[in-house]
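# Descriptive structure summary
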Amino acid sequence: MWEKVESEVFFFSTAKLQTPDRMKRALCQRGTEDDIGEGPSHGVSPPPEFRKRKRKTEEWDEEEEVGVEWSRMPQEILLHVFQYLPLLDRAHASLVSRGWNQVFHMPELWRCFEFELNQPASSYLKATHPDLIKQIIKKHSNHLQYVSFKVDSSTESAEAACDILSQLVNCSLKTLGLISTARPSFMELPKSHFISALTVVFVNSKSLSSLKIDDTPVDDPSLKVLVANNSDTLKLLKMSSCPHVSPAGILCVADQCHGLRELALNYHLLSDELLLSLSSEKHVHLEHLRIDVVSDTPGQHFHTIKKSSWDAMVKHSPKFNLVMYFFLYEDEFGPFFKNEIPVTHLYFGRSVSKDVLGRVGLHCPRLVELVVCANGLRPLDEELIRIARRCTQLSAIGLGECEVSCSAFVEFVKMCGRRLSQLSIMEEVLVPDHRYGLDDIHWEVSKHLGRVWFPDMMPCW
Amino acid sequence: MKRDGVETYGFEARQSGLRLHDNPALQEALDGADTVRCVYILDPLFAGSANVGFNRWRFLLEALEDLDASLRKLNSRLFVLRGQPTNVFPQLFKEWNVTRLTFEHDSEPYGKKRDATILKMAQDFGVETRVRNSHTLYKLTRIIKMNNNTPPLTFKRFQVIVQMLELPKKPLPTVTRQQMDCCQTGVAANHDEHYRVPSLKELGFQTDSLGPAVWRGGETEALERLKVDKKGWKSRFERPDVGVASLMASGTGLSPYLSFGCLSCRTLYYRLRDLYMSARKHCTPPLSLFAQLLWREFFYTAASNNPRFDRMEGNPICVQIPWDQNPEALAKWAEGRTGFPWIDAIMTQLRQEGWIHHLARHAVACFLTRGDLWISWESGMKVFEELLLDADWSVNAGSWMWLSCSSFFQQFFHCYCPVGFGRRTDPSGEYIRRYIPKLRDYPNRYIHEPWTAPESVQKRANCVVGVDYPRPMVSHAHSSRINIERMKQIYKSLSSYKGLSLLGSVSKIQEEAESAVMTDVSPQSRISNSSFHAGRPDRMLPGPSPSRKRARSQELLELTEWGNEAKVRCCGSANRENSDSSEQ
């Protein structure tokens, strides 16, 4: 009755000859959930025996009896069910029969894979089993299309990721993400090692559309290889904090990859030339530009970007989002917000002065979200009111260690009204004054927002 | 009741009810009894374990001494017994012919388990038991019931429910001499030999090199603190102005006394209420007046049915965050060697005195976890458990989850800067100089970041960074940038929010969870929910409905973070475009 299970399923020594719970649930819910209903199972009727016994399977009691029918289920249905199961459950299910095992190895199920590389000494999370990695490289590497690596803070894990990358010679990836979950461990690798692994993918894939390589030692020559092989397909490139790339290196990408729609990089790579290149006629509309402005040493000097370059960007891609994260010391803001800038999302990760926030109100007409982690001890009353008046798109604001008088805050909310969909204000920010105390301000604010609102509270313990 | 019956009123080995005022369990013990004994069981194995530090033991022993002294005045004594409760109880039941056992209700999962064992033992010996609630203001089960049988996960929601409840029960009067006189205690001549409060030395602590206690344990001291002049109390009615003075241990601090049960929370509640009403012409006090008590209550409620409340793994309300394991960095933090004077001063104060201001707790907790070191909140919680006088299990774990943005839908955008926050709170560096005397001679300008001082200044101050005082162990700008990205990554993967807004993902999760509590209450859907989570620890937060989650788990790398149409989905769409490849 039951076919003998092949020994190639590697990670379970005890084979349970029954349908795993989740599998049953997935089968049971078939047809009842919209998102499953769209699949190829539509119009395919199960074999008669399967249909006959279906009611019985819902009771889940007499499993042995229905076993035969389970194993004869059409492959496409099984494949569809498998797609909704986590790998572990699929592996369990693959032990049912040879037929199920075949489905387990179908390319459709191996298009997408997330390698989790963690060392027990540095992470609490489990890692992808080395045997599974071997198996994937051996049997499924040509099926892989959407791959990401999650790597903990240890150099060994980053190295392991590079080893896998360098073995992906016969695959054609569409997306690749290198994600450091704790400290940026790719930065600790020898640059040449990392580059040679990464270029294996660049050279062999030829149709990469998304690439997330933040916090890695990628450099100009490797970006050239990327461009040479993937210029027609590249749509997304995220490379914040890649210190070995120069403005010329990223310019080369922008010049050649006309389909690039999303870009994330550090401010030191941003140039007028880059913006002009991204707004050239050949280039598609940019959707998203993310800039990190980070200071490594206090007192660092930053270059300026011409207003005309930003204007060209807005003209070419009128709807593009400009997201800027600032991690600067207060005295380094000199070159910023002197002229109009089309920024839509602003995050100030460190203390920012009243003066700079005043300039934000003057020069950021497209601002949608403003988050200020800290400010001095002087209330930000006029600044907020100016922002409410001038930034007519503003819909989200977050304030951390700042101060605002309750009256000014109410005024701000009144001016913005219901478009303020996110309003995250720490309780200590609001300074009671003659008009509003802490106990009644949330009513007043709720009234203007049209929904119940409270300030964010922190536990006192 | 048998004439030879003995009523025993049992205190437990953990902090609870170390007082004679508002003590319903003791009142129950006295009810019609011939004899009453107040018993405290001390587990000596517990003393040796690392998770309760010296200051906490000292406080406990002082509290026991104080209780014993108060009982003496009532012609009675405290019976301190050493041993495991499971061994001690049967022996006592027999020896003293116990007919009734009363104790304070413990809402925490471990306490409940332990109490259940004791109740079972009492039942086996035919001993009547009475358990009374007095460690929290409200009956926590009632709050949970009113929130559709789940503990509220936001403080707002909790407050809404509390406002629907009647006021907490009034505190009971202190036990009087008359009451005690009605029943004897039967103190033997050799009482001290068997039942006296042990000294720290006996518990194996080195006591020679220790300074005096900043916080004196005991009910007497707690009640003394309640009496302080009205001016001291007034500050509680207003917006707290946090300065250096509030960072220091003060004569009005009460949290350790609440934690050990030297002070009844209900007594404190009514004291606050009365003071407010007399000061504000009988206005009903706002909830914010009781903030500290309510936070405590909130965490007690959240933890009451969750035995894994104090850990990340397997804790259904905790976001699974890939924290780094780094024992070396953890030790630097715990021992105050981070190189950030503000952080080091706080950790030193905690170690020396056992108490730090709540904003100081925020600062060091943020630094250890999501702010700078990216180390698990569990490690920090354990250090606090050892050092902090008021480290109640629920409140400690809950606060750590809160501060590390691991639960309770906290916005994570704001990280306390280990330099800037210190400078705001302690501009003159007075606090730092007190706890890190090495930095005493630094000018104010540099005291929060001594590594920026010119070498000549460092030499003049007799403290060279890198030699006499550590260099900062991380670059805050660098690590906070990385960490905010990590948090974003985690919260994005939990939420169905796809926009660019940094604030959007958390509020979306909260919305979804709150609507889940309101609508999804059938036990069946809950079961399927949790079994779906099992094995997928990264998606454990109560949030999107199971079907949505299942669909989401298919996504791997999104092409756009906000556009829905270009989203890369692995199997579903791939399957359709390449349906022929299955022939291979």
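Residues numbered from 1 in each chain as written. Chains lettered and ligands numbered in written order. Predicted model: local features only at pLDDT ≥ 70, side-chain atom pairs only at ≥ 80, totals over all residues. Heavy atoms only, no water.

## Regarding the overall build of chain A
The helix and strand tally for chain A stands at 18 helices and 14 strands. Classification of the 461 residues of chain A by burial places 59% in the buried group. Within chain A, counting contacts between residues at least 6 apart in sequence, those at least 24 apart form 72% of the total. Here chain A displays about 18800 Å² of accessible surface, and carbon together with sulfur accounts for 51% of that area. (Helix = DSSP H or I, 4+ residues; strand = E, 2+ residues; numbered from the N terminus. Buried < 20%, exposed > 50% of the residue type's maximum accessible area, 1.4 Å probe, protein only. Contact = heavy atoms within 4.5 Å. Areas by Shrake-Rupley, 256 points an atom, 1.4 Å probe, with all protein chains shown as cover.)

## Quick notes on the overall build of chain B
A tally of regular secondary structure across chain B gives 29 helices and 5 strands. A total of 584 residues make up chain B; the buried ones form 60% of that total. Partitioning the contacts of chain B with sequence separation of at least 6, the portion at a separation of at least 24 is 75%. Carbon and sulfur atoms make up 51% of the accessible area of chain B, which totals about 23500 Å².

## Comments concerning the UniProt feature "site: Electron transfer via tryptophanyl radical" (unreviewed entry) in chain B
In the numbering adopted here, UniProt assigns the feature "site: Electron transfer via tryptophanyl radical" (unreviewed entry) to Trp323(B), Trp377(B) and Trp400(B). These annotated residues cover 78 residues of sequence, and their C-alpha atoms all fall within 13.8 Å of one another, placing them together at a single site. Mapped onto the elements of the fold, Trp323(B) is located in the loop between α15 (291–303) and α16 (327–334). Trp323(B) sits in the buried class, given a relative accessible area of 0%. Apart from the residues lying within four places of it in its own chain, the contact partners of Trp323(B) are Ser122(A), Ser123(A), Tyr124(A), Met312(B), Thr369(B), Arg370(B), Trp374(B), Ile375(B), Ser376(B), Trp377(B), Ser404(B) and Ser406(B). (UniProt positions renumbered as here; feature names shortened; annotations may be inferred.)

## Details of the sheet that holds strand β7 (residues 288–294) of chain A
All names here are of chain A. Read across the sheet, 12 strands follow the order β1-β2-β3-β4-β5-β6-β7-β8-β9-β10-β11-β13 without closing on themselves; strand pairing throughout is parallel. Single-partner strands in this sheet number two, and they are β1 (112–117) and β13 (422–425). Each strand of the sheet is rotated relative to its neighbour by a mean of 10 degrees, with strand direction disregarded. With 6 bridges connecting them, strand β2 (residues 146–151) and strand β3 (residues 175–180) associate as parallel partners. (Pairing = 2+ DSSP bridges. Axes fitted to C-alpha atoms, helices over the stretch in contact; angles between N-to-C directions.)

## As for α16(B)
All names here are of chain B. Within the span of α16, buried status applies to Ala-329, Trp-333 and Ala-334. Each buried residue of α16 sits inside an arc of 135 degrees when the element is viewed along its axis, so together they form one side. Exposed side of α16, more than 90 degrees from the buried face: Pro-327 and Glu-328 are the residues found there. (Arc of directions from axis to C-beta.)

## Digging into helix α4 (residues 85–95) of chain B
Residue and element names in this part refer to chain B. Restricting attention to buried positions, one finds in α4 the residues Pro-85, Val-88, Phe-89, Pro-90, Leu-92 and Phe-93. Where α4 is buried, its residues touch β2 (36–42), β3 (78–82), β4 (98–104) and α5 (109–124). Count one or two residues on from α4 and you reach Asn-97, which has phi positive near 50 degrees.

## A short note on the pattern of salt bridges
Within this structure, the stated rule accounts for 42 salt bridges over all chains. For the salt bridge of Asp215(A) with Arg481(B), the shortest nitrogen-to-oxygen distance reads 3.0 Å. Of this pair, Asp215(A) sits in the loop between β4 (210–212) and α11 (220–230) while Arg481(B) sits in helix α25 (residues 476–494), placing the two residues on different chains. Of the residues examined, Asp215(A) reaches a relative accessible area of 7% and is grouped as buried. Since its relative accessible area comes to 2%, Arg481(B) is described here as buried. Ionic pairing is found between Arg82(B) and Glu202(B), a salt bridge with its closest N-O pair at 3.2 Å. A residue pair is termed long-range when its members are at least 10 positions apart, and Arg82(B) in strand β3 and Glu202(B) in the loop between α9 (191–195) and α10 (219–226) qualify at 120 residues. (Salt bridge = Lys/Arg side-chain N within 4 Å of Asp/Glu carboxyl O.)

## Topic: the packing of aromatic side chains
Tallied over the full model, the rule gives 58 aromatic pairs over all chains. The lysine or arginine in question, Arg90(A), covers the ring of Trp110(A), its NZ or CZ lying 5.9 Å from the ring centre. The ring of Trp96(B) is capped by Arg37(B), whose NZ or CZ atom sits 4.2 Å from the centre of that ring. (Phe/Tyr/Trp six-rings, centres within 6.5 Å; stacked < 30°, edge-to-face > 60°. Lys NZ or Arg CZ within 6 Å of the ring centre and 35° of its normal.)

## Points about the pairing of β13(A)
Residues and elements named next belong to chain A. Burial along β13 is two-sided: Gln-422 and Ser-424 facing one way and Leu-423 and Ile-425 facing the other are all buried. Here 4 bridges tie strand β11 (residues 396–401) to β13, and the two strands are oriented parallel to one another. By the bridge assignment for β13, Gly-398 is matched with Ser-424.

## Brief notes about unusual backbone geometry
Only a minority of non-glycine residues have a phi that is not negative, and only a minority of peptide bonds are not trans. Residue and element names in this part refer to chain B. For Asn-97, which is not a glycine, the phi torsion comes out positive at approximately 50 degrees. Among the structural elements, Asn-97 can be located in the loop between α4 and β4. For Asn-97, a relative accessible area of 44% corresponds to the partly exposed category. Positive phi, normally seen in glycine, also occurs at Asn-148, with a value near 55 degrees. Following the sequence through the fold, Asn-148 ends up in the loop between α6 (140–146) and α7 (155–164).

## Things to note about the confidence of the model for chain A
Residue and element names in this part refer to chain A. Scored by pLDDT, chain A has a mean of 85; 84% of the residues are at 70 or more. Averaged pLDDT values for the elements of chain A fall to 34 in helix α2 (residues 34–37) and rise to 97 in helix α13 (residues 272–278). Residue range residues 1–63 is modelled with pLDDT below 50. Its contacts to residues more than four positions away, or to other chains, number 99 contacts. (pLDDT = per-residue confidence, 0-100.)

## With respect to the pairing of strand β10 (residues 369–374) of chain A
Residues and elements named next belong to chain A. For β10, a buried count of 6 out of 6 residues is recorded, marking the element as mostly surrounded by other parts of the structure. In the sheet, strand β9 (residues 345–351) pairs with β10 via 5 bridges, with the strands oriented parallel. Pairing of Leu-346 across the sheet is with Leu-370, part of β10. In terms of strand pairing, β10 meets β11 through 5 bridges, oriented parallel.

## Quick notes on the nonpolar core
Ranked by internal contacts, the top residues of the largest apolar core, which has 288 residues, are Phe149(A), Leu176(A), Leu346(A), Phe348(A), Phe409(A) and Trp333(B). Sorting elements by how many residues they give to this core places helix α3 (residues 54–73) of chain B first, with 9 residues. Sequence-distant contacts of Phe149(A), that is, excluding residues within four places in its chain, are made with Phe115(A), Leu117(A), Ala161(A), Ile164(A), Leu165(A), Leu176(A), Gly177(A), Leu178(A) and Ile179(A). By size, the runner-up hydrophobic cluster in this structure holds 17 residues, among which are Trp96(B), Val98(B), Met121(B) and Val127(B). (Core = buried A, V, L, I, M, F, W, Y, C linked by side-chain atoms within 4.5 Å.)

## A closer look at the packing of α7(B) against α15(B)
All names here are of chain B. With their axes 11 Å apart at the nearest point, α7 and α15 run at an angle of 105 degrees to one another. When the axis of α7 is compared with that of α15, the two are roughly perpendicular. For the pair α7 and α15, contact is made by Phe-155, Phe-158 and Val-162 and by Leu-294, Trp-295, Glu-297, Phe-298 and Thr-301, respectively. Split into classes, the residues belonging to the contact of α7 with α15 amount to 6 nonpolar, 1 polar and 1 charged. (Parallel < 35°, antiparallel > 145°, perpendicular 65-115°, else oblique. Nonpolar A, V, L, I, M, F, W, Y, C, P; charged D, E, K, R; others polar.)

## Some details on the environment of Leu270(A)
Residue and element names in this part refer to chain A. Of note, Leu-270 is situated in the loop between β6 (262–266) and α13. Spatially, the C-alpha atom of Leu-270 lies 26 Å from that of Lys-354, the residues being 84 residues apart in sequence. Every residue in contact with Leu-270, bar those within four places of it in the chain, is listed here: Leu-265, Leu-275, Leu-289, Ile-291, His-303, Ile-305 and Trp-310.

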